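Tertiary structure, described
Here are the chains, one letter per residue:
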Amino acid sequence: MTYNYKPEELIEEIYIDGVQSQAGISAIKELSQFGKEGVDAIILSLESPPTTTLSARNLMDLLSETFWALASDNSDYLIDLMLEGRLSKTWCYPALGNATTERSIDVLINGLSEKESMLRWLCVEALIQRKPERAISPLVERLKDRSELVKSAIVTAMKHHKWLRTPDALPLLKSIREKCPGTWNCAGEVIDLIIEENTKMK
């Protein structure tokens, strides 16, 4: 395939125009077609980024969107780089929300046991986006998590996504309703939904 630009040129375009512009969106799409070469180029740009007028927040969003797009066809390579220590987990885990492989699901489920709560939360969010049935039990188990952020993300997802609601979660949800002021109201709503849905099935 013949490309109009080199990966470095596309990355410069992305840094200049951001991910909301049509030029930036087109550049990300074309960069993703370069496969490993495109991934290596964006990782290199983390060390020596092109000049940009974007704010720090917009720059973070830009990089997240770029890794997200690259993960669709290059998730195994992203995972390999992460395991080798060449790519931060904070970039890889969210991007795997756009992956399609079973291996990426395994990596995210394993990531639910990360020591850092932020990394566990990133894995929760990515799994919620992917909606794999085999992640239901591991996600329910994370309702025991010591982090309010992690528990809240799962309870909120249960409220909005029927696929994640299961009677197996009821004991833990009841515990959260009694002990976690920040999440108790949402947990109560999920409990009511599960009981209602379970009653209809009988």
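Overview of the structure. (Residues numbered from 1 in each chain as written. Predicted model: local features only at pLDDT ≥ 70, side-chain atom pairs only at ≥ 80, totals over all residues. Heavy atoms only, no water.)

Here we take up the packing of helix α2 (residues 22-32) against helix α4 (residues 56-83). Their axes nearest at 9 Å, the elements α2 and α4 cross at an angle of 35°. In this structure, the crossing between α2 and α4 has a hand that is right-handed. Taking contact as the criterion, the partners of Ile 28, Leu 31 and Ser 32 in α2 are, on α4, Glu 65, Thr 66, Ala 69, Leu 70 and Asn 74. Its residues assigned to classes, the contact of α2 with α4 comprises four nonpolar, three polar and one charged. (Axes fitted to C-alpha atoms, helices over the stretch in contact; angles between N-to-C directions. Helix = DSSP H or I, 4+ residues; strand = E, 2+ residues; numbered from the N terminus. Left-handed = near helix turned anticlockwise from the far one by under 90°. Contact = heavy atoms within 4.5 Å. Nonpolar A, V, L, I, M, F, W, Y, C, P; charged D, E, K, R; others polar.)

Before going further, it helps to examine the side chain of Asn 74. Within the secondary structure, Asn 74 sits in helix α4. Not counting residues within four places of it along the chain, the set of residues in contact with Asn 74 comprises Ser 32, Gly 35, Lys 36 and Val 39.

Relative to the helices and strands, Ala 95 resides in helix α5 (residues 89-95). Sequence-wise, Ala 95 and Leu 70 are 25 residues apart; in three dimensions their C-alpha atoms are separated by 7.8 Å. Residues within four places of Ala 95 in sequence aside, it is in contact with Phe 67, Trp 68, Ala 71 and Leu 78.

With respect to the helices, strands and loops of the structure, Thr 53 is situated in the loop between α3 (36-47) and α4. A C-alpha to C-alpha distance of 34 Å links Thr 53 and Thr 100, two positions 47 residues apart in sequence.

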